[in-house]
Amino acid sequence: MIRAAFLTDPVTDFDLTKDSTLSLLRAAQRRGWQVFQFEQQHLSLRRGKAVASAFAFELLGRFAETLAAQDALPGPWFRVQDAGEVELSSFDVVFMRKDPPFNMQYIYSTYLLERASNMGTLVVNRPDSLRDCNEKLFATEFESCYPPLVVTQSAAVIREFSADHGDVILKQLDGMGGTGVFLVRQGDPNLSVMIEMLTENGQVPIMAQDYIPEIRQGDKRILLIDGEPAPYALARIPAEGETRGNLAAGGHGEVRELTERDEWIARQVGLIAKERGLVFVGLDVIGDHLTEINVTCPTCVRQIEAQTGVDLGERLIDHVAARLA
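Owing to the predicted nature of the structure, the values given are computational and were not obtained by experimental measurement.

Asks: Would you mind showing me how to read the sheet that holds strand 11 (residues 206–210) here?
Replies: Pairing between sheet strands relies on hydrogen bonds along the backbone, with the strands arranged either parallel or antiparallel. Spatial strand order, 8-11-9-10: four strands in an open sheet with antiparallel pairing. For this open sheet the edge positions go to strand 8 (149–152) and strand 10 (181–184), each flanked by a neighbour on one side alone. Put simply, the sheet's adjacent strands are angled 20° from each other on average, direction ignored. Where strand 9 (residues 168–172) meets strand 10, four bridges bridge the pair, whose relative direction is antiparallel. Along strand 10, the bridge assignment pairs Leu170 with Phe182. Its contacts with the sheet put helix 4 (residues 155–165) on strand 8, strand 9 and strand 11, and the angle it makes with strand 11 is roughly 10°.

Here's what the structure looks like:
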């Protein structure tokens, strides 16, 4: 029997209407896999081996069969049983599904996951690539895909970029869910204070990016499974008065078929992602431009499933099962 472990946030914190990890848990359970769950603080290195204080995990009732967003969920929806301390290498696959922040604790977790990976356990996504592929900087490896931008902690460089491009977006390199993202209009008198705040007075680099007006039509999330794009994207439409489409920032999602440009971008990224062991990846595309490559904990699975009936969790687990076979 396949033993699959999921490193997640606390299960009790899951958003039952949209958490993508639930789709993966359900698909693994329906295959008859033995499913375990643990959190970052449950990881240790003991006697030279990476271990976790893990829990056997089971989805209950009809929630184990359907994850439709409209389902009411009275009563318990999962059951856990203490499995004690388990060597990570005893799992066939470990899914790293911890939401950012991408901080030092996250990095230390990847070091321990890498111990298991080196002993033959499949880790999704590969731990060294989780460390190396900053979600905003990784996108800049694909020169023909991304918009004009600079990455710097120099206020002078940012001001020069702003003067050359007019309306620009300023954002932190380690933000998530739209946090730390600012639209700066040409001539905005607050530009200097925004730069000071985001760069921590010139100590931390940030990204300044040309503003893409097509954000009003949505920030598309395109999901890749082993380099291949899902047939639909979720366009995250900004709320009224917002410039950010992130669902966490109040945006709403509409499913769209991929355009030719979307598919072209997906092919450029997919080949490199596959080479780096990035099995499950989310691309953020605004208009014709790639703006971010989410490798830590791609989301929007549930919204696409609910609006199309395409079971992306099942597709990912199918791919993992083939790899393990």
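Don't stop here, the text continues.
Asks: Is there a simple way to think about the pairing of strand 4 (residues 49–59) in this case?
Replies: Successive side chains on a regular strand alternate, one facing one side of the sheet and the next facing the other. Pairing of strand 2 (residues 34–38) with strand 4 involves two bridges; the strand directions are antiparallel. In the strand pairing of strand 4, Phe36 is matched with Ala56. The turn joining strand 3 (residues 43–46) and strand 4, which pair antiparallel and follow one another in sequence, is formed by two residues; a positive phi near 55° is taken by Arg47. Alignment of strand 4 against strand 5 (residues 78–87), held across nine bridges, turns out to be antiparallel.

Asks: Would you mind going over the state of the cysteines with me for this structure?
Replies: Simply put, disulfide is the name for a covalent bond between the sulfur atoms of two cysteines. The final tally for this structure, using the stated rule, is zero disulfides. Cys133 carries a free sulfur, and the closest cysteine sulfur to it, the one in Cys145, is 15 Å from it. Exposure remark for Cys145: the relative accessible area of 0% places this residue in the buried category.

Asks: I would appreciate a short explanation of helix 1 (residues 20–30) in the present structure.
Replies: Because each turn of an α-helix spans 3.6 residues, side chains separated by three or four positions in sequence point in the same direction. Counted residue by residue, helix 1 has nine buried out of eleven residues, so it is predominantly covered. Listing the buried residues of helix 1 in full gives Ser20, Thr21, Leu22, Ser23, Leu24, Leu25, Arg26, Ala27 and Ala28. Packing partners of the buried residues in helix 1 comprise strand 1 (3–8), strand 2, strand 4, strand 6 (93–97), helix 7 (301–308) and helix 8 (312–324). Where helix 1 begins, the capping side chain belongs to Asp19, and its oxygen is found 2.9 Å from the backbone nitrogen of Thr21.

Asks: Where do I start with the packing of aromatic side chains in this structure?
Replies: Both the distance between ring centres and the angle between the ring planes are used here to describe each pair of aromatic rings. All chains considered together, the criterion is met by seven aromatic pairs. For the pair Phe6 and Phe95, a centre-to-centre distance of 4.6 Å together with 15° between the ring planes defines the contact as stacked. Within this pair, whereas Phe6 is found in strand 1, its partner Phe95 is found in strand 6, the two being separated by 89 residues in sequence. Both residues of the pair, Phe6 and Phe95, count as buried. Taken together through their ring pairs, the aromatic side chains of Phe14, Phe57, Trp77 and Phe78 make up a single cluster.

Asks: Looking at this structure, I do not really get the nonpolar core. What am I missing?
Replies: The tendency in soluble globular proteins is for nonpolar side chains to be buried as a group. One finds Phe38, Leu88, Phe91, Leu283, Leu290 and Ile293 to be the most contacted residues of the largest nonpolar core, which totals 39 residues. In contact with Ile293, not counting residues within four places along its chain, are Glu135, Phe138, Ala139, Phe142, Val269, Val281, Gly282 and Leu283. Among the nonpolar cores identified, the runner-up in size contains 35 residues, and Leu25, Trp33, Leu234 and Leu316 belong to it.

Asks: In this structure, what is going on with the sheet that holds strand 12 (residues 219–225)? I would like to understand it.
Replies: In spatial order, the strands read 14-13-12-15-16; together these five strands make up an open sheet with antiparallel pairing. Across the chains shown, the open sheet's two edge strands, defined by having one partner strand only, are strand 14 (252–257) and strand 16 (289–294). With strand direction ignored, the average angle separating the axes of adjacent strands in the sheet is 30°. Two elements, strand 13 (residues 228–237) and strand 14, share six bridges in a ladder whose sense is antiparallel. Across the sheet, the residue bridging to Ala235 is Glu254, located in strand 14. Taken strand by strand, helix 6 (residues 260–275) contacts strand 12, strand 13, strand 14, strand 15 (280–286) and strand 16, and its axis lies near 145° from that of strand 15. Sitting on the sheet, helix 8 touches strand 12, strand 13 and strand 15, and the angle it makes with strand 12 is about 30°.

Rules used in this analysis
Residues numbered from 1 in each chain as written. Predicted model: local features only at pLDDT ≥ 70, side-chain atom pairs only at ≥ 80, totals over all residues. Heavy atoms only, no water. Pairing = 2+ DSSP bridges. Helix = DSSP H or I, 4+ residues; strand = E, 2+ residues; numbered from the N terminus. Axes fitted to C-alpha atoms, helices over the stretch in contact; angles between N-to-C directions. Contact = heavy atoms within 4.5 Å. Disulfide = S-S within 2.5 Å. Buried < 20%, exposed > 50% of the residue type's maximum accessible area, 1.4 Å probe, protein only. Polar contact = N/O pair within 3.5 Å; in protein donor to acceptor, adjacent residues only side chain to side chain. Phe/Tyr/Trp six-rings, centres within 6.5 Å; stacked < 30°, edge-to-face > 60°. Core = buried A, V, L, I, M, F, W, Y, C linked by side-chain atoms within 4.5 Å.

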